[in-house]
Each structure stands twice: as C-alpha cells, then as structure tokens.
Amino acid sequence: MKQDEILQTLRKVIKESEYYTTWTVSTPHLVELVERAVEAEREACAKVCDWYVDSSSDHEAGTAMNIQDAIRARGQA
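Because the structure is predicted, anything quoted here is derived from the model rather than measured.

Caption draft 1: Looking closely at the overall build of the protein. What the protein contains, in helices and strands, is three helices and zero strands. Scanning the protein from its N terminus toward the C terminus, one meets helices and strands in the order α-α-α. Its C-alpha atoms give the protein a radius of gyration of 17 Å, clearly above 11 Å, the size a compact globule of 77 residues would have. Within the span of the protein, comprising 77 residues, buried residues form 16% of the whole. Across the protein, contacts joining residues at least 24 apart in sequence account for 52% of those joining residues at least 6 apart. A total of about 6,500 Å² of accessible surface is found on the protein, and carbon and sulfur atoms cover 57% of it.

Right under this line is the structure:
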C-alpha cells in the first residue's frame, strides 16, 4: 500500500468505527506504524518461503525463491 492508500483506508476505518475512543496522533506516526506492520508481515511471508526453499526439490525451491524475491521486492518499491 502506498501512503495515499493507507490514509484512505484509515479514514474509512475511522468513519465506520465512530464508537472507538479518540486518540491524538499525527498522520506521519500512523503511516509509520502501518508501514512497520506491513514490513513485518511481508518478512514473515518471505520466511515461510525460506523454509520451503530449504525443504523442497530443486524445481519447487526455485519457485519458492522467485516468490520470496517478489515479496521482498514489494518492500523496495
């Protein structure tokens, strides 16, 4: 997700969840929080591929490496 998509999603969540307690935080803080959460989830997915590379045949391991590279590349975009 790009920053504008994160903000759009945040606004939607706030609008749909008006009963939650209001906190005062800045948008940059929220963006950073979401980016860190996304990066942690992306790395967790890539680690599953790491495990699959180590425990699979050459053909399957190659496919897993391609998936792993694609997942990690999303964080570089």
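The structure having been displayed, the exposition proceeds.
Caption draft 2: Spotlight on the packing of helix α2 (residues 27-54) against helix α3 (residues 58-74). The contact between α2 and α3 brings their axes to 9 Å, and the two run at 165°. The angle between the axes of α2 and α3 places the two elements in the roughly antiparallel class. As for the relative orientation of α2 and α3, their crossing is left-handed in sense. Contact with α2, carried on its side by Arg-42, Glu-43, Cys-45, Ala-46, Lys-47, Cys-49, Asp-50, Tyr-52 and Val-53, involves Glu-60, Ala-61, Ala-64, Met-65, Ile-67, Gln-68, Ile-71, Arg-72 and Arg-74 of α3 and no other residues of that element. A breakdown of the residues in the contact of α2 with α3 according to their chemical character gives ten nonpolar, one polar and seven charged.

Caption draft 3: Representation of the environment of Arg-72 in the model. Considering the arrangement of structural elements, one finds Arg-72 in helix α3. Sequence separation of Arg-72 and Glu-18 is 54 residues, and the distance between their C-alpha atoms is 35 Å. Contacts of Arg-72, omitting those with residues within four sequence positions, involve Arg-42, Glu-43, Ala-46, Lys-47 and Asp-50.

Caption draft 4: Here's a closer look at the pattern of salt bridges. Inspection of the entire model under this criterion finds four salt bridges. A salt bridge links Glu-39 to Arg-42; the shortest N-O distance between them is 3.2 Å. Here Arg-42 and Glu-39 lie together in helix α2, a separation of three residues that amounts to about one turn. Here Arg-42 falls in the buried class, since its relative accessible area comes to 15%. Because the salt bridges share partners, they merge into one network encompassing Glu-43, Asp-50 and Arg-72.

Caption draft 5: Broad picture of the packing of helix α1 (residues 3-16) against α2. Following both chains from N to C, one finds α1 and α2 inclined at 105°, their axes separated by 10 Å at the closest point. Between α1 and α2, the interaxial angle falls into the category roughly perpendicular. Residues Gln-3, Ile-6, Leu-7 and Leu-10 of α1 form the contact with α2, whose own contacting residues are Thr-27, Leu-30, Val-31, Val-34 and Glu-35. Classifying every residue of the contact of α1 with α2 by side-chain character gives six nonpolar, two polar and one charged.

Definitions and cut-offs
- Residues numbered from 1 in each chain as written.
- Predicted model: local features only at pLDDT ≥ 70, side-chain atom pairs only at ≥ 80, totals over all residues.
- Heavy atoms only, no water.
- Helix = DSSP H or I, 4+ residues; strand = E, 2+ residues; numbered from the N terminus.
- Rg over C-alpha atoms; globule rule 2.2 N^0.38 Å.
- Buried < 20%, exposed > 50% of the residue type's maximum accessible area, 1.4 Å probe, protein only.
- Contact = heavy atoms within 4.5 Å.
- Areas by Shrake-Rupley, 256 points an atom, 1.4 Å probe, with all protein chains shown as cover.
- Axes fitted to C-alpha atoms, helices over the stretch in contact; angles between N-to-C directions.
- Parallel < 35°, antiparallel > 145°, perpendicular 65-115°, else oblique.
- Left-handed = near helix turned anticlockwise from the far one by under 90°.
- Nonpolar A, V, L, I, M, F, W, Y, C, P; charged D, E, K, R; others polar.
- Salt bridge = Lys/Arg side-chain N within 4 Å of Asp/Glu carboxyl O.

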